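Residues per chain are reported as follows:
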Amino acid sequence: MRTGGSPYRGRGGQWAFVGHRVSGFLVFLFLLLHIVDVSLVRWPAVYDEVHRLYGNVLLRAFAVGLLFALLFHALNGLRIVAVDLLPRAVAVERALLRAVIAVTLVAGTAGGVVIMAPFFAGAR
Amino acid sequence: MTGRGPEARSWLFMRLSGLVLVVLALLHFALTHIVNDVVETDFEFVAGRWASPFWRTFDWLLLALALLHGLNGVRTIVGDYVASRRARAMLMAGIGGLSGALFLLGTLTIVGF
């Protein structure tokens, strides 16, 4: 992470910054696609046909990835707002980042189990 | 929050829209992937939901805020990594045009349903 004369050293806060950009950008790309796929609802038969694909294991795994990106971006965004607005949050900024990561992992894994369960139960 | 220029407004917009989007986006994801399995969210599911003005408004607000929030985020990223002013302007015109077109498509999808 240390390049040239950069003062950045890749500590927690900087990785959070990178993660926020990457997760935000990925969610934005998904949003653009999602607007197109939902627009098919004008043609119910086509919509249902395309929609059946979402039960596929690959697209389920994709949804789990989306959940992790959404959770991290949402929780880290709340951390940013807290640090911006509450002077007391600045002092515990590192603990807040650990909480963001912990909740992302726990909620993402729990949600991931629910999303993948139908596949393991044999329903595709 | 002391500044009044366009970047201060952008800063404030990202935080306010972000706070609303935490609720809208996570609830939307939970309803379509956790509470209901994704396979259940077929045409009938959408028709049932969009029979209610509440969910149409919810979805349209999510569409509008997520696009604006995302577009403004992309603008920040492009501003950081694309050095040439001309390339930045062209890139943002392209991404902005695409987002605008998709906003229209999404609005027509929800309103015209």
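Rules behind the numbers
Residues numbered from 1 in each chain as written. Chains lettered and ligands numbered in written order. Predicted model: local features only at pLDDT ≥ 70, side-chain atom pairs only at ≥ 80, totals over all residues. Helix = DSSP H or I, 4+ residues; strand = E, 2+ residues; numbered from the N terminus. Rg over C-alpha atoms; globule rule 2.2 N^0.38 Å. Buried ≥ 20, exposed ≤ 12 C-beta atoms within 10 Å, placed from the backbone. Contact = placed C-beta atoms within 7 Å. Core = buried A, V, L, I, M, F, W, Y, C linked by C-beta atoms within 7 Å. Nonpolar A, V, L, I, M, F, W, Y, C, P; charged D, E, K, R; others polar. Axes fitted to C-alpha atoms, helices over the stretch in contact; angles between N-to-C directions. Parallel < 35°, antiparallel > 145°, perpendicular 65-115°, else oblique. pLDDT = per-residue confidence, 0-100. Expected span 1.5 Å × (residues − 1). Left-handed = near helix turned anticlockwise from the far one by under 90°.

Engineer: How should the overall build of chain B be read in this particular structure?
Structural biologist: A count of helical and extended segments in chain B gives four helices and zero strands. Counting from the amino terminus, helix and strand elements in chain B follow one another as α-α-α-α. Relative to the 2.2 N^0.38 estimate, which gives 13 Å for 113 residues, the radius of gyration of chain B is 17 Å and therefore markedly larger than a compact globule would have. Along the three orthogonal principal directions, the C-alpha set of chain B runs to about 50 × 30 × 25 Å. Relative to its 113 residues, chain B shows a buried fraction of 16%. Contacts in chain B between residues at least 24 apart in sequence constitute 70% of all its contacts with a sequence separation of at least 6.

Engineer: Looking at this model, I keep getting lost on the overall build of chain A. Mind explaining?
Structural biologist: Helix and strand counts for chain A stand at five helices and zero strands. What you see in chain A, going N to C, is helices and strands ordered as α-α-α-α-α. Classification of the 124 residues of chain A by burial places 21% in the buried group. Sequence-distant contacts in chain A: of pairs separated by 6 or more residues, those separated by 24 or more amount to 67%.

Engineer: How should the nonpolar core be read in this particular structure?
Structural biologist: Nonpolar side chains tend toward joint burial in soluble globular proteins. Ranked by internal contacts, the top residues of the largest apolar core, which has 22 residues, are A:Leu70, A:Leu71, B:Ala25 and B:Ala66. Take this core: its biggest share by element is eight residues, from helix 3 (residues 57-85) of chain A. Residues contacting B:Ala66, with those up to four places away along its chain left out, are A:Leu31, B:Leu21 and B:Ala25.

Engineer: Sorry if this is basic, but what is going on with the interface of chain B and chain A here?
Structural biologist: Interface size is commonly expressed as the accessible area that is lost once the parts come together. Opposite the 28 residues of chain B that make contact, chain A presents 29 residues. Sorting the residues of the side of chain B that touches chain A by element identifies helix 1 (6-35), helix 2 (43-50), helix 3 (53-81) and helix 4 (85-111) of chain B as the ones contributing at least two each. Considering every element that reaches the side of chain B that touches chain A, the biggest residue donor is helix 1 of chain B, with nine residues. Here the side of chain B that touches chain A is built from residues that sort into 19 nonpolar, six polar and three charged.

Engineer: Explanation requested: the packing of helix 3 of chain B against helix 4 of chain B in the structure shown.
Structural biologist: Packed helices, taken two at a time, are described by their axes: the angle between them and the distance between them. All names here are of chain B. Running from N to C, helix 3 and helix 4 point in directions that differ by 175°, and their axes come no closer than 11 Å. Classified by the interaxial angle, the pair formed by helix 3 and helix 4 is roughly antiparallel. In this structure, helix 3 contributes Arg-56, Asp-59, Trp-60, Leu-63, Ala-64, Leu-67, Leu-71, Val-74, Arg-75, Val-78 and Gly-79 to the contact, and helix 4 contributes Arg-88, Leu-91, Met-92, Ile-95, Gly-96, Ser-99, Phe-103, Gly-106, Thr-107 and Ile-110. Classifying every residue of the contact of helix 3 with helix 4 by side-chain character gives 12 nonpolar, five polar and four charged.

Engineer: Please explain the confidence of the model for chain B as it appears in this structure.
Structural biologist: As a general rule, the predicted coordinates of low-pLDDT regions are not to be interpreted in detail. Mean pLDDT over chain B: 95, with 97% of residues reaching 70 or higher. Here the predicted complex carries an ipTM of 0.93, next to a pTM of 0.92.

Engineer: Looking at this structure, how should I read the environment of A:Gly13?
Structural biologist: Residues and elements named next belong to chain A. Mapped onto the fold, Gly-13 is located in helix 1 (residues 12-39). When the 15 C-beta atoms within 10 Å are taken as the criterion, Gly-13 is described as partly exposed. Sequence separation between Gly-13 and Arg-94 is 81 residues; the distance between their C-alpha atoms is 7.8 Å.

Engineer: Where do I start with helix 3 of chain B in this structure?
Structural biologist: Helical geometry note: an α-helix holds 3.6 residues per turn, so side chains three or four residues apart project in the same direction. Its 29 residues place the ends of helix 3 of chain B 42 Å apart at the C-alpha level, agreeing with the 42 Å of an ideal helix rising 1.5 Å per residue. Among all positions in helix 3 of chain B, only B:Asp59, B:Leu62, B:Leu63, B:Ala66, B:His69, B:Gly70, B:Gly73 and B:Val74 are buried. Against helix 1 of chain A together with helix 1 and helix 4 of chain B lie the buried residues of helix 3 of chain B.

Engineer: I keep staring at the environment of A:Ala74 and nothing clicks. Help me out?
Structural biologist: With respect to the helices, strands and loops of the structure, A:Ala74 is situated in helix 3. Separated by 54 residues in the primary sequence, A:Ala74 and A:His20 place their C-alpha atoms 9.0 Å from one another. The residues contacting A:Ala74, other than those within four sequence positions of it, are B:Val22, B:Ala25 and B:Leu26.

Engineer: Sorry, what's going on with the packing of helix 1 of chain A against helix 4 of chain B here?
Structural biologist: Orientation of helix 1 of chain A relative to helix 4 of chain B, taken along the N-to-C sense of each, is 35°, at an axis distance of 9 Å. The two elements helix 1 of chain A and helix 4 of chain B meet at a crossing, and its hand is left-handed. Here A:Leu32, A:Ile35, A:Val38 and A:Ser39 of helix 1 of chain A lie close against helix 4 of chain B, whose contacting residues are B:Leu98, B:Leu102, B:Leu105, B:Gly106 and B:Thr109. Classifying every residue of the contact of helix 1 of chain A with helix 4 of chain B by side-chain character gives six nonpolar, three polar and no charged.

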